[in-house]
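Breakdown of the fold
For reference, the chains in residue letters:
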Amino acid sequence: MKLFSRLRKDVSDHNARDTNVQAQSHPTDNKSNSTEDHPKEQISNNHKPVKDPIKTEQPEKTTTTIKTPQVTSDNGNNAVVSVHDQRVQIESNMNQLSHEYAQLRGKLKLNLFSERDDYQGKLNNLNKQLKSLQANEDAVQDNLKKNKEEDDGKEKERLASVRADQKHQNDLLYRYKEQQKKLATSIEKNDKKLTKKQAELAKNQKSETDLSAAIKNETDLQKMMVLMEKQKTQIDKIYKSREKINAELAEIQTDLGNDKKDLKDVNVNINEISSNIALLKTKTTSIEQKIKNDQLHRTSLINQLEGSSKSNLNDIKGLKMQIKNVTDNINYVDKYIKDVFHAAYLVREVFLEPQKQYLVLSDSIDKEQQETDLFDIVHYLETKMHIKVTLVTSFFNNQFGDIVDGYTKSMNIERPDEVNLFTDMQRSDNPSTKPVEIPESNNWVTRTDVKTQNTLIYDQSGNLLMTVEYLDDKINRINYFKNSKIVKTNIYNEDGILSSTQIFNKDQKLGEENFFRTDGSIVITITYESGVANDFQVFDGSGLLTQDFDKKEELVTWWINKLYADQDDIVFVGSSTDLLYKAVAEVRDQDKSDLITFVENAHSNIGRIKALLHKEPLINNIFVQYERDLHSIENTTDRDISVSAIKTAVSDEMYLPESLKI
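Let us look at the structure shown here. (Residues numbered from 1 in each chain as written. Predicted model: local features only at pLDDT ≥ 70, side-chain atom pairs only at ≥ 80, totals over all residues. Heavy atoms only, no water.)

Examining the overall build of the protein chain
The condition that has to hold: A run of H or I in DSSP counts as a helix once it spans at least four residues, and a run of E counts as a strand once it spans at least two, with each numbered from the N terminus. Relative accessibility thresholds used throughout: buried, under 20% of the residue-type maximum; exposed, over 50%; partly exposed, between the two (1.4 Å probe, protein chains only). Every residue pair with non-hydrogen atoms within 4.5 Å of one another is taken to be in contact. Each accessible area is a Shrake-Rupley estimate made with a 1.4 Å probe; only the visible protein chains count as cover when residues are assessed.
When its secondary structure is counted, the protein chain shows 12 helices and 20 strands. Residue burial in the protein chain is summarised as follows: out of 662 residues, 34% are buried. The contacts in the protein chain between residues at least 6 apart in sequence include a share of 60% that link residues at least 24 apart. A total of about 43200 Å² of accessible surface is found on the protein chain, and carbon and sulfur atoms cover 49% of it.

Laid out in structure tokens, this is it:
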């Protein structure tokens, strides 16, 4: 609404005459209002609150005067500018100023949020450094605790074990040496016994030899016989004594052999144990030295860690001070933004990331406004980021490509990519190459509608059988009739291949739709009851049923998940009332921040906006149509949120914040 629209536009003749007289009597008082441009102040780290002159300045005493109409000079002729014309000019100036204000308001908001983003980036970096330092300090403290509590327990256990082994080996060595002494004594004793017995054996043998020699030397046979009789007793005694000596000698030799063998084994054991003891002694020395070195190393390490901890604590303290300062700056900028824009919460532009893929969703463009909004979103995204976006649709419209071409040309933007549920599922590796043709029949009467150029086919009795509709001189659809009622429609793609069929019931309401792959196999069947779709069936290339859904939401959810599951670099954009977008929004993880919700007519439907802002999961990114919609959300929201207006108002209507409205 224009300001002063209720002011009277007529001025009475009497007032006009009075005004004319005053203008002629005061020609030098004709001065036009001028506007001084104030220098723009940049917002620095030390913002100063903007004072409201209405609230803070003391009103000055003024005298009310009636200004006279302006008098302009044209070729020397004075012309009177009426009060009405002045008002029109003032309104025009105010309109221009309001639009300039809106632009400056947007620039100021961008400037403030850019500054806030700088602070936030610095804060994020400082927090990252703080987190890293605190993690390092935690590690240092853990290491300190570990080193201070370390008492070389394992090494001492090893040392104790080695010493125990060493003691055991020494005990064994002592026992073997004692055994060695006993064996040596036994061998020496047995050697003496052996020598003695050998002497006794030699003496015994000599006694026998002496007796034998005595007999040999006797020449007298009788004396010899007497001598032999005497020696018989002696010889028996000698032999018995020898047998005993030999037995004792054998026993001594056996004992001596056993002792020598045992002594040899004992000596081997003594050598082995002595070697083990030497190794254990070396090992003991090594462990003791390791314990000593470890203690020295720990002492040095503890000193280093304590120094590192002290440095960390100083750095952490410094970082916390910086974080506090940056946080204070952010809080100040936040307050400044809220004060300047008269909002209780931060409402900033939606953050767009050109490196991501943006998918603009739509399930319907039945209404002109839906179609316009859809391409306004595409236009905003492509011009804002200078990238190509993707249109993802779940409605069947074989002329949608022409609609896209028309909008992209008129908007002078790059043509977006297209992904359509039906086109995607109707794709085939072996498409048919035979387009549809109307056969000739002598039983038909063919006519051409002059206005539409459609072909109408009748039987000989004048009953309408079918109508053929064309698009770009190609058959687009064929409608079949029975008793002047439509019963079926075949729809063909741009190559003339059957795309879908629509079957109507006796009430001429849609009862079933079938969609075909380009190779002719059926892929989707939709069943209707009372004009409402209530069953969606999906078939594979062999005609087998693979999916059966009761609602379209289930079908589009399954399809979207099939295309974009496990992808994190995409952003879905769509209307809050759109079936496809709502289906996607319900299944996507909100923590990924990959949703931008478009809200229509926000300024005129605040109640729905409030409900939408509180609906779980919470919406964080919103597109609206105009600045007035954005301001409505600024005045409505009870939490921080990102909102961008995708269109610029072209009307002469002024929009001013409440604080500037008259």
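Back to the text.
Remarks on the pattern of salt bridges
The following threshold applies: The working definition used for a salt bridge is a side-chain nitrogen of Lys or Arg within 4 Å of a carboxyl oxygen of Asp or Glu.
Taken as a whole, this structure holds 27 salt bridges when the rule is applied. Linking Asp265 and Lys261 is a salt bridge whose minimum nitrogen-to-oxygen distance equals 3.6 Å. Taken together, the residues span about one helical turn, with Asp265 and Lys261 both in helix H5 (residues 221-340) at a distance of four residues. Look at Lys261 and you get exposed, because its relative accessible area is 53%. Across the pair Glu600 and Arg608 runs a salt bridge, and its minimum N-O distance is 3.7 Å.

Here's the deal with the pairing of strand S8 (residues 455-459)
Side chains on a regular strand alternate between the two faces of the sheet. Stated precisely, the cut-off is as follows: Note on pairing: DSSP must find at least two bridges between two strands before they are called paired.
Buried residues dominate S8, accounting for four of its five residues. Examined bridge by bridge, strand S7 (residues 444-448) and S8 share five bridges and lie antiparallel to one another. Its bridge partner being in S8, Trp444 is matched across the sheet by Asp459. Between S7 and the antiparallel strand that follows it, S8, lie six residues; Gln453 among them carries a positive phi value of about 65 degrees. In this structure, S8 lies alongside strand S9 (residues 464-471), joined through four bridges in antiparallel fashion. Bridge pairing in S9 links Leu456 to Thr467. Taking the residues that link successive antiparallel strands as the turn, the S8-S9 hairpin has four residues, and the phi of Gly462 there is positive, at about 90 degrees.

So, the sheet that holds strand S10 (residues 474-482)
Note the following rule: Only the contacting stretch of a helix is used when fitting its axis, a line to C-alpha atoms as for every element, and angles between N-to-C directions run 0 to 180 degrees.
Spatially, 10 strands are ordered S7-S8-S9-S10-S11-S12-S13-S14-S15-S16 in an open sheet, and the strand pairing comes out antiparallel. Every other strand in the sheet has two partners, leaving S7 and strand S16 (545-549) as the edge strands with one partner each. Within this sheet the neighbouring strands show an average axis-to-axis angle of 15 degrees, counted without direction.

Let's talk about unusual backbone geometry
The phi torsion at Gln508 lies on the positive side, around 65 degrees, for a residue other than glycine. Tracing the chain through its elements places Gln508 in the loop between strand S12 (498-504) and strand S13 (510-516). In this structure, Ser530 is a non-glycine residue whose phi angle is positive, near 55 degrees. Examined against the element boundaries, Ser530 turns out to sit in the loop between strand S14 (522-529) and strand S15 (532-539).

Side note on helix H10 (residues 579-587)
Put simply, the rule reads: Two N or O atoms count as a polar contact when they lie within 3.5 Å, although within protein this holds only if one can serve as hydrogen donor and the other as acceptor, and sequence-adjacent residues are included solely when both atoms are side-chain atoms.
Taken together, the buried positions of H10 are occupied by Leu580, Tyr581, Ala583, Val584 and Ala585. Close packing links the buried residues of H10 with strand S4 (357-362), strand S5 (390-393), helix H9 (552-564), strand S17 (570-575) and strand S18 (595-598). Capping of H10 at its N-terminal end is provided by Asp578; its side-chain oxygen lies 3.1 Å from the backbone amide nitrogen of Leu580.

Thoughts on the side chain of Asp373
The cut-off we apply is this: Working convention for charge: Lys and Arg count positive, Asp and Glu count negative, and His plus the chain ends are omitted.
If you trace the backbone, Asp373 turns up in helix H6 (residues 368-385). Lys647 provides the closest opposite charge to the buried, salt-bridge-free Asp373, at an N-O distance of 4.2 Å. With residues near it in sequence (within four places) discarded, Asp373 still touches Phe598, Glu600, Gln625, Ile646 and Lys647.

With respect to the packing of H9 against H10
Here is the rule: Throughout, the term roughly parallel applies to angles under 35 degrees, roughly antiparallel to angles over 145, roughly perpendicular to angles from 65 to 115, and oblique to all others. Left-handed describes a crossing whose near helix is turned anticlockwise from the far helix through less than a right angle; right-handed describes the clockwise counterpart. Polarity classes work like this: nonpolar for Ala, Val, Leu, Ile, Met, Phe, Trp, Tyr, Cys and Pro, charged for Asp, Glu, Lys and Arg, and polar for all others, with Gly in that last group.
Contact geometry for H9 and H10: axes closest at 9 Å, N-to-C directions at 60 degrees. Of the possible angle classes, the one that applies to H9 and H10 is oblique. Considering the relative orientation of H9 and H10, their crossing is right-handed. From H9, Lys552, Glu553, Val556, Thr557, Ile560 and Asn561 reach across to H10, where they touch Leu579, Leu580, Ala583, Val584 and Val587. Here the residues of the contact of H9 with H10 are counted per class, giving seven nonpolar, two polar and two charged.

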